[in-house]
Each structure stands twice: as C-alpha cells, then as structure tokens.
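# Inside the fold
Spelled out from the first residue to the last, the chains are:
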Amino acid sequence: MQNADTTKYIIHSKISADGIIERPDIVGAIFGQTEGLLGSDLDLRDLQKTGRIGRIEVLVSAKGGKSKGTILVPSSLDKVETSILAASLETIDRVGPCSAKIEITNIEDVRATKRKQIIERAKFILTGMFDTNVPESQEIADEVRQSVRVEEMQYFGKNKIPCGPAVFDSDAIVVVEGRADVLNLLRYGIKNTICVGGTNVPPEVAELTKKKETVTAFTDGDRGGELIIKELLQVANIDYIARAPDGKSVEDLVQKEIVRALRQKIPVEQVMDKYSLKDSDSMKAPAVQRLPKQKERRTVEIPRVAAPTKLKKRPIKQREFPQEAVAAQALPEEEQEVVEVVKLSPAAKKFKSHADELMGTFGARFLDAGNNVIGETAVRDLVNNLKNYNGDIKSVIFDGVITQRILDIAENKGIENLVGAKIGSITKRPSSVKILTVRDL
C-alpha cells in the first residue's frame, strides 16, 4: 500500500454516497476536485509522482442504493502538510453523478506503530533471552528482588489470607491455590493475586469475587486444581479459568509460562460442562450447597413430511417456528416435558462446513449476508471482539457454548444466526436471533 521506507502517516477517512459508486470514481474525484485547490506544492498528482504520496487505497460497498467505504492515503509529508491534505479531502461533495461526503476519522503515525513493535520485541528479548547464563551479579539482584516481593505480600480479612498489594484496589483479581503461588506471581510483578489455601474456599475470598469486575481462577495442572475450580464455581463469581501446564504447579512456573497460561484463559461459560459437579464426585466442601438438578432440555430435529399425517397428541411447544406444521418423534413420557422443535432452512445448512472446520479449535467466525467469512477470533475473546466489531455481521459460528451474554450482544448487533457447539443457560430468547447447534446442521 505504501513505501515502508518513506511513509510517515496514513490518512484514514470514510465516504458515503447517495448512489452506486466504485473505486475508480472515488479516486478520480479525489484527484479532480483537489487539483489546483492547494497550489502546485501540494498538488496530489505531483506528490504521487515524486513518491511523497503513496497509492490511494479505497474499499467501497453498495447496499440499498447507497454506497459506503473507507479511503487510506499514505503520506511522507510533515504533520502540517498532511493535515492540510487531509482537510482538502473533506471538500469533495460529488463522486460521479452522486452527491457524496468524505470525513477524516484518524491520522495514523506509522513511526509510532514501529516504536510499539520495538518496545514489545525488546520486552521479549529482555525476559526471554536473558534467562540463560545469568551472571552472578544478576543472581544477586534477583535475590534482592525476591526479598522485596516477600515484603510486598499483604493479608486480607480477619483470617489473614495471603494476597498481593493490588487486590484491595484493582478491578481484576487472580485467585490462586496457596501462599507459594502468590509469592511466585509477585516475583514477576503480578500483584493482584489472592489464595484460597485449599479446597475449602474462605468466605472472605468468595465475597471478594462478587465485588470485582473480572475474576480469574489460576490453578495447578492436576486433580486438586480441578476440585478447587469446581468449588469456586459454586461459591464464588468466576469469569475466567486459567490452568498451569499438566503436572505443573503455579508456584513452579517461570514468567513465560505464567504469561502464556493467563493469556490462554477461557471464559467460564465455555467450560461449565467440564467442571460441573456430578453425583459421583467425592468432593464435599462444607461451604458448598448443591443446587437442585434442572430438567434437561432436549432438542429434536423433525423430519419433513409431504402431507399432514394423523399423529398421537403430545404436549409439544413450538418455540422456534410457531407457524410451521411439524411432526414430532415419539419420546418416553418422562422426556416429553420440554420439547423444542427445530426446522432448518436451506441457508442454515451452509453453516455446516464452517462448523466442521472450527470443531476442536475453540475458534469463531463472523459471516456476512452472503455467508462469507469477514472476521475470525478465539472463543475466549469472542465477547469483546463481537462488541467492538463494526462490520455488518449476519451470522456467528463458534466452537463454544451459546450463553445469555453472547445472545444479548448478537441481538444488539442485528445478528440473525448464532451457531455454537452447545446451548448454555438461557433465560431470554430474542425472536430476531436464530439459535442452532452443530447437531442441528
């Protein structure tokens, strides 16, 4: 798009037009309507010939007889000249036969982006490449830092629960198993940690999780870690789950392993089935009160019928398609309490290939009205990325559990189809969003 050696800034703008326009029309309007406007020194054609303006990139789409798009203009001019050039683009009021409007949205400093890359790379080099062959003086410095970290440890509540100094004020906390885990995370600068001291979660910790905006449970990669997660899910408010590698403890992890584990944390909704308690579980924590089991919701796919058939009457609730004539498969009486009828449209079958490719990846795809992929993300980032995505999404397919939070966001975004591996606990189903699982495809 631009010469990486000379480009300093990129002018970002958006265009809207009352009619159908294409890229050549927009580029022609830019050069034509700015010609002679700013004098010979800032003439776009001359600037492009001399390499001070790069190739103008235009992305435009038409819908409902109107066009919208974005324009990117690379510039090697200084700040003042780039600002003048950007302002001149907003004087364009027609593109071809259509009235149009251009608005500058941002001017990106390419060098600032490079500086961020340099900083991130330097951090990796510092933390990852100086671990081996540490000189004796560095070992001494590390020992001093470790003693400082121990002094930084504080205690929470009347039971003096070990924690980091940031637990009291931070909106996000990390719940670990023991005191040694808190110390290890303090060693690497993670100060918003608190421990539970085993499977019997202290009431102070459970109450603290209900006051924090984001709570991550970070446990050892063994059976004990699973038991602690199960208890936390019953007595505390947990948003994410992170695990140490199999067979390792949090207290033994080095910085790279800690960072990797916390980055790969998974939303609790996506692993609720894995950590849900069963009657055969032997864990009996005093603070845990088992909830009554809810009756299972069954989804039945109904075969198409050529003509109406006399059927034995059954209590069937048609929720997804109340106006469709459907036939129900016979079920035992004890399983007929809640039957949900799902009748697939031909368009829904197009989701199967996407669902098959995503199976086992914990990934998600955004599709447009033509079922084309316009974005991808990990399931753990689905909620945030879906909130912030500005494109016109019509369908979301992901290898995870459909939760009420994801469903509410889909309704607000105007998403028509939501396809997941399973359906979680949902209390409100908007009529504008069709919910499917991979078993329905």
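Residues numbered from 1 in each chain as written. Predicted model: local features only at pLDDT ≥ 70, side-chain atom pairs only at ≥ 80, totals over all residues. Heavy atoms only, no water.

Right, let's talk about the sheet that holds strand S1 (residues 9-17) for a bit. One open sheet accounts for five strands, arranged S2-S3-S1-S5-S4; its pairing is antiparallel. This sheet does not close on itself; its edge strands, each paired only once, are strand S2 (57-63) and strand S4 (94-95). Pairing between S1 and strand S5 (residues 98-109): nine bridges, direction antiparallel. When the bridges of S5 are listed, histidine 12 appears paired with asparagine 106. This element, helix H4 (residues 110-128), spans S1 and S5 of the sheet and lies at about 40° to S5. (Pairing = 2+ DSSP bridges. Helix = DSSP H or I, 4+ residues; strand = E, 2+ residues; numbered from the N terminus. Contact = heavy atoms within 4.5 Å. Axes fitted to C-alpha atoms, helices over the stretch in contact; angles between N-to-C directions.)

On to unusual backbone geometry, then. Its identity is not glycine, yet lysine 160 carries a phi of approximately 55°, on the positive side. Looking at the element boundaries, lysine 160 is found in the loop between strand S6 (154-156) and strand S7 (161-163). Unusually for a residue other than glycine, phenylalanine 362 sits at a positive phi of about 55°. When you line up the elements, phenylalanine 362 lands in the loop between helix H11 (351-358) and strand S15 (363-367).

Right, let's talk about the sheet that holds strand S17 (residues 395-398) for a bit. Across the sheet, five strands lie side by side as S16-S15-S17-S19-S21; this open sheet has mixed pairing. Because the sheet does not close on itself, it has two edges, and the strands there are strand S16 (373-378) and strand S21 (434-437). For this sheet, the mean angle separating the axes of adjacent strands, direction not counted, is 15°. In this sheet, S16 lies alongside S15 in antiparallel orientation, the contact comprising five bridges. By the bridge assignment for S16, glycine 363 is matched with alanine 378. H11 rests against S15, S16, S17, strand S19 (417-420) and S21 of the sheet, and its axis sits at about 155° to S15.

This part covers the environment of isoleucine 11. Assignment of secondary structure puts isoleucine 11 in strand S1. It is 6.3 Å that separates the C-alpha atoms of isoleucine 11 and asparagine 106, two residues lying 95 residues apart in sequence. Excluding residues within four positions of it along the chain, isoleucine 11 makes contact with Ile71, Leu72, Val73, Thr82, Leu85, Ala86, Leu89, Ile104 and Asn106.

Moving on: the state of the cysteines. As enumerated under the stated definition, the model contains zero disulfides in all. Free cysteine cysteine 163: the closest other cysteine sulfur is in cysteine 195, separated by 8.2 Å. Note on cysteine 163: relative accessible area 0%, which makes it buried. Note on cysteine 195: relative accessible area 4%, which makes it buried. (Disulfide = S-S within 2.5 Å. Buried < 20%, exposed > 50% of the residue type's maximum accessible area, 1.4 Å probe, protein only.)

This part covers the nonpolar core. Counting residues in each nonpolar core, the largest one holds 41 residues, and the members touching the most others are Val175, Leu185, Ile194, Phe218 and Leu232. Excluding residues within four positions of it along the chain, valine 175 makes contact with Ile194, Val196, Val205, Thr209, Val215, Thr216, Ala217, Phe218 and Leu232. With 26 residues, the next largest nonpolar core counts Ile21, Ile53, Leu89 and Ile102 among its residues. (Core = buried A, V, L, I, M, F, W, Y, C linked by side-chain atoms within 4.5 Å.)

Turning our eyes to something else, we now look at H11. Among the residues of H11, Phe351, His354, Ala355 and Leu358 are the ones counted as buried. Angular distribution of buried residues about the axis of H11 spans 100°; they occupy a single face of the element. Phi turns positive, to about 80°, at glycine 360, one or two residues after H11. (Arc of directions from axis to C-beta.)

Our focus in this paragraph is the packing of aromatic side chains. For the coordinates displayed, the defined rule picks out two aromatic pairs. Here the aromatic rings of phenylalanine 366 and tyrosine 389 are separated by 5.3 Å at their centres, their planes lie at 75°, and the arrangement is edge-to-face. Note that phenylalanine 366 is positioned in strand S15 and tyrosine 389 in the loop between helix H12 (382-388) and S17, a separation of 23 residues in sequence. (Phe/Tyr/Trp six-rings, centres within 6.5 Å; stacked < 30°, edge-to-face > 60°.)

Here we come to the confidence of the model for the protein. A residue-level look at the protein finds 77% of positions with pLDDT of 70 or above and a mean pLDDT of 79. When mean pLDDT is taken per element in the protein, strand S9 (residues 193-195) scores highest with 95 and strand S13 (residues 298-301) scores lowest with 39. (pLDDT = per-residue confidence, 0-100.)

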